[in-house]
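Structure at a glance
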Amino acid sequence: MTRGLRVVDLSTEIAGPYCTKLLADAGADVVKVEPRHGDPLRSWTASGAKLGDDDGALFRFLNTSKRSVVGELGDGAVDELVAAADLVVESAAAGVVDVDALQRANLSLTVLSISPFGRRGPWSDRAATEFTLQAWCGSTGARGVPDGPPLHAGGRLGEWVGGAYAGVAALAGVARSRRRGRGEHVDLSLLECMCLSMNTYAPLFASFTGWKQSSGPARTVELPSIEPTADGYVGFCTITGQQFRDFLVLIERPDLLDDQDLASAPGRTRRMREFVDAVHPWTRRHTTDEIIELATLLRIPVAPIGTGETVTGFEHFRERGTFVSHPDGDFVQPRIPYRVGDRPRPAFRPAPTLGEHTGQVQWDGRRAGAQPDGSHDPLPLEGVKVLDFTAFWAGPAATHMLAALGADVIKVESIQRPDGMRFTTTARPSVDGWWEWGPVFNGANAGKRGVTLDMTRPEGLAVAKRLVAWADAVVENFTPRVMEGFGLDWETVAAANPRAIMVRMPGFGLSGPWRDRTGFAQTMEQVSGMAWITGLADGPPLIPRGACDPMAGMHAVVALLVALDERERTGKGAMVEMTMVEAALNAAAEQVIERSAYGTLLHRDGNRGPVAAPQGVYACQGDERWLALAVATDQQWAGLRRALGDPDWAADPALAGAAGRRGAHDRLDEHLARSCSGHDRDELVELLAEHGVPAAPVVAPRDIDSNPQLQARGFFESIAHPVVGTHDLPGLPFRLSEHDAGWLRSPPPTLGQHNDEVLRHAAGMGEDEIEALRAEGIIGDRPVGL
C-alpha cells in the first residue's frame, strides 16, 4: 500500500506535512507542490531566529525524503501529477480545493482534507488555531491549578497528533478506494483528533456518573507529577493505588499510608498544599538521578524532565540510537519511531529545495479505476483478523482504530488480571459488574470481541497459540518481559503462524537500559520534553496529559499497515517494534531541532506561543467564563479591532504587524483582559468568529459533547451496552465518502463475553474443551475473587 504510493502533497503547517512524512518514511513517493514563494514553513523558526539562505530546520525535518515542484492546481503539469496520483493531501481553506473536479480527472484518486473542524458541518469555514482548538476540545480547561488560569499544552501538540491520525486516515482511504473501485474523499477534523487524544473520555465519565453540568474550575494538576529536586525536576506517575503507596514509602512518609482521602486523586487536589509540603522537603534533598534510582527499585514510573538540550543525551536514547543527524548534517532529529522486521530503519533523504524537481517527476499515465472486490460498501480493513493483547490506552487506541476500520479484533484479558482500565471505574464495588464501568476502557474498546485466557498456565498458552494461527496480526503493549514470560515471544508467534505480523509497543523499546521500565503517557510526556514547554514561565513544567497514548497508537496502526502491505509482496510475517516514547519524541521534535540547529532552548510561557500574538485566555462576565483568543495574522488583528469597536489602544500602527504585537504582548493582555471582563463569553466568541478571529470558550472537558459541530458530524455515537446501558462514545476523527453508518459496530465487550464464540470458531475448540477451561479457571467472566 505504501511502497511506490504516489502522493501529491498540497498541505502546509504541521499536520499535513507530518502525515506525508509518515508516508514518505514508509516508501511512498511524495511530491510537495508549492507556490512560487514556497511553503511558509520554509521560513519558520519557533524562536524567531534569523535564517540565512537555508530553509528552516522544522520544514526540513517534516519534508525529508520528499520531492518539490513549484505550481498550483490548474497548472497543466500539476494537474497531470494529480491525474496520475493515488493520493492528494490538502489543508487549504474551505472551498479552495475542488475535490469533485480532482476525482473526475482521476476516478481512483483518494483525497485527504485536513482542516480545523472538518469540511462538513456548520463550522467548516470557522477560523481557528491549534490554541483555540485546545480550548474547544477541553484540554485547556483541564490543566492548571484551581486558583490560576487554564493553561494550554505547548508545542502545537494537537497538530502533531492530527498528523498521526491523518497518516492512518490516508492509508484507510487508499485501501477503501482500491476495494470499492472508485475514489475516496477523507474528511479529517483536527478538533476531533484532539477530542480523542487530549481529552480522556471526560464526557463518558460524566455520562456514567450523571455529572452533566460543570460548576467551578475543572482544571487540575497531577499529584505527584513533576516535582523539584536538588538539581532540577523529576517526573512521577502513580496510576495505580499500589504505585501511590510505594511513592509514600519512597518519600519516607509511611504515616500517610492509611490516609484514604490522600489515596484518591480528588483528595490530594483538595489538600494540595498539605500534600506538596509533604513531598517537596524530601525531593529537594535528593538529586534527580538519586530519586530515579530509588523510585525504580520500587517500580514507580519515574523519569527525568527532558528539554531540547538534555533529551538527546539521555542514556537510553544514546544506546538505542534514537536521535540521528539530519541528512544536511546541521541538526539532529528523532528517527522513524518503528521498525519492520530485522532490516534497519530507512535512511532519510534531504528535504528538497524549492522547486528542485519541477519538470522532473515522471509518473506514467493516468491512474485507472481499481477493480472492485465485490463488497457492497467495504470498510478499509474488512477481513483483517487481529489478536489484541493490549491494555490501558495506547495499545487499545490502536486496536480500536483497527476495529472501527473493519478488522475483526479479539481482545485477550484474563480473570486473574483484566485490563487495568476496567478498574478505573465510576461504580462502587458493591455494584455487580462494577469492573464494566471504566470510561477509558469503554471508550477505547468498542467494536471488539473479548475473551479471557490465563496465559500463565500451559492450557491458556496453548489456546493463545491456536488464536495466533487464526490471526493476521498480534498486537501487545506490555513491557518486553511480560510476553516473554508468557512464552509468547516473536519466535513462538512466527512458529505458530509464519504469516502473522506481531506489533510490539513497549514504552521504551525492546532494548536499552530502560527496556523493562514501566511507561505510561505521563512518563513519555515528561522525558520527551512535552512537559518542559507546558506551564507558566515561572512555574514547574506540566504534563500535557494523555496525548502520547493515542499518538503511539496511531503510529502503531501505520506501522502495522506497512507490514501487512509488505507481507502481500513477500508472503511472510514480521515483527514490528513501535516504541511509545519514540512516537512522543517525534511529536516533540521541534525542541531538539531548534536547540541543535540554532542553539535556542524553547521554554514554557503560559498561554503564549510562537504562532500568534496576542494569544491567551481572558476572563469574561461570570464565574469561570474564560475565552481563548489567538491572533495569527494581520487580517485577524484587523478583525479583532472591528469586533471590539476599534478601541484607541489598538490604533497604534506598530500593532499592525506581528512583530509589533509580540513586543507589546503584556500591554495587549491588559487591554484584552479589561475588554473581555465586560462581555458575555459566548456572545463575544460568536462576534469574533463573525470577524474571522480565532476564539473559543475554554470548555470544561466533560462538556465537549454539546458542541454543535461535533453533533452535526456525528462524532459521538450512541452505543447500548449490556451492563452500563446506552451512552455516547466518540468515533473516529474523519469521515469517508458515502459511509454514514458510524464507526462503532458493537459495544465494548464485557469481561470474557465472547469466550465460547471465539474459542469455537477462531480456535476450533469443542464444547467439552471449552467447559474444561472454564472449570479450571483458564477462562471466565468475572475477575478472580469477585
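For the structure, see preceding data.
Here's what I pulled together on the structure shown here. (Residues numbered from 1 in each chain as written. Predicted model: local features only at pLDDT ≥ 70, side-chain atom pairs only at ≥ 80, totals over all residues. Heavy atoms only, no water.)

1. A closer look at the overall build of the protein chain
- Looking only at helices and strands, the protein chain features 29 helices and 24 strands.
- Against the 2.2 N^0.38 benchmark of 28 Å for 786 residues, the protein chain shows a C-alpha radius of gyration of 26 Å, consistent with a compact globule.
- The principal-axis extents of the C-alpha atoms in the protein chain amount to approximately 80 × 70 × 50 Å.
- Looking at the 786 residues of the protein chain, the share that counts as buried comes to 61%.
- Sequence separation of 24 or more characterises 75% of the internal contacts of the protein chain that already satisfy a separation of 6 or more.
- For the protein chain, the exposed surface amounts to about 28700 Å²; the carbon and sulfur share of it is 50%.
- Side-chain charges of the protein chain comprise 78 positive and 102 negative groups, with the mean position of each set lying 2 Å from the other. (Helix = DSSP H or I, 4+ residues; strand = E, 2+ residues; numbered from the N terminus. Rg over C-alpha atoms; globule rule 2.2 N^0.38 Å. Buried < 20%, exposed > 50% of the residue type's maximum accessible area, 1.4 Å probe, protein only. Contact = heavy atoms within 4.5 Å. Areas by Shrake-Rupley, 256 points an atom, 1.4 Å probe, with all protein chains shown as cover. Lys, Arg positive; Asp, Glu negative; His and termini not counted. Charge placed at Lys NZ, Arg CZ, Asp CG, Glu CD.)

2. Thoughts on the packing of helix H6 (residues 157-180) against helix H7 (residues 190-197)
- In the contact formed by H6 and H7, the axes pass within 9 Å of each other and the chain directions differ by 100°. One way to sum up the angle between H6 and H7 is to call them roughly perpendicular. Mapping the contact onto sequence places Gly158, Val161, Gly162 and Tyr165 in H6 and Leu190, Cys193, Met194, Leu196 and Ser197 in H7.
- Of the residues assigned to the contact of H6 with H7, the class counts are 6 nonpolar, 3 polar and no charged. (Axes fitted to C-alpha atoms, helices over the stretch in contact; angles between N-to-C directions. Parallel < 35°, antiparallel > 145°, perpendicular 65-115°, else oblique. Nonpolar A, V, L, I, M, F, W, Y, C, P; charged D, E, K, R; others polar.)

3. As for the pattern of salt bridges
- Under the criterion given, the structure shown has 61 salt bridges.
- A salt bridge links glutamate 577 to arginine 339, with the nearest nitrogen and oxygen atoms 2.8 Å apart. Linking glutamate 577 in strand S18 (residues 574-578) with arginine 339 in strand S12 (residues 338-340), this pair joins segments that are 238 residues apart in sequence.
- By relative accessible area, glutamate 577 is classed as buried at 3%.
- Where salt bridges share partners, they join Arg120, Asp187, Glu192, Arg713 and Arg735 into one cluster. (Salt bridge = Lys/Arg side-chain N within 4 Å of Asp/Glu carboxyl O.)

4. Some points on the environment of serine 264
- Tracing the backbone shows serine 264 in the loop between helix H9 (241-250) and helix H10 (265-270).
- Judged by its relative accessible area of 25%, serine 264 falls in the partly exposed class.
- Through-space distance from the C-alpha of serine 264 to that of leucine 223 is 9.9 Å; in sequence the pair is 41 residues apart.
- Only 2.9 Å separates the side chain of serine 264 from the backbone oxygen of aspartate 261, close enough to count as a polar contact.
- In terms of polar contacts, serine 264 uses its side chain to reach the backbone amide nitrogen of glycine 267, at 3.1 Å. (Polar contact = N/O pair within 3.5 Å; in protein donor to acceptor, adjacent residues only side chain to side chain.)

5. Some words on the sheet that holds strand S16 (residues 473-476)
- Ordered in space as S12-S18-S17-S16-S13-S14-S15, the 7 strands form an open sheet in which the pairing is mixed. Each end of this open sheet is capped by a strand with a single partner; those strands are S12 and strand S15 (449-452). On average, adjacent strands in this sheet sit at an angle of 20° to one another, irrespective of strand direction.
- Bridge analysis of strand S14 (residues 408-413) against S15 gives 4 bridges, and the strand direction is parallel. Note that in S15 the partner of isoleucine 410 across the bridge is arginine 449. (Pairing = 2+ DSSP bridges.)

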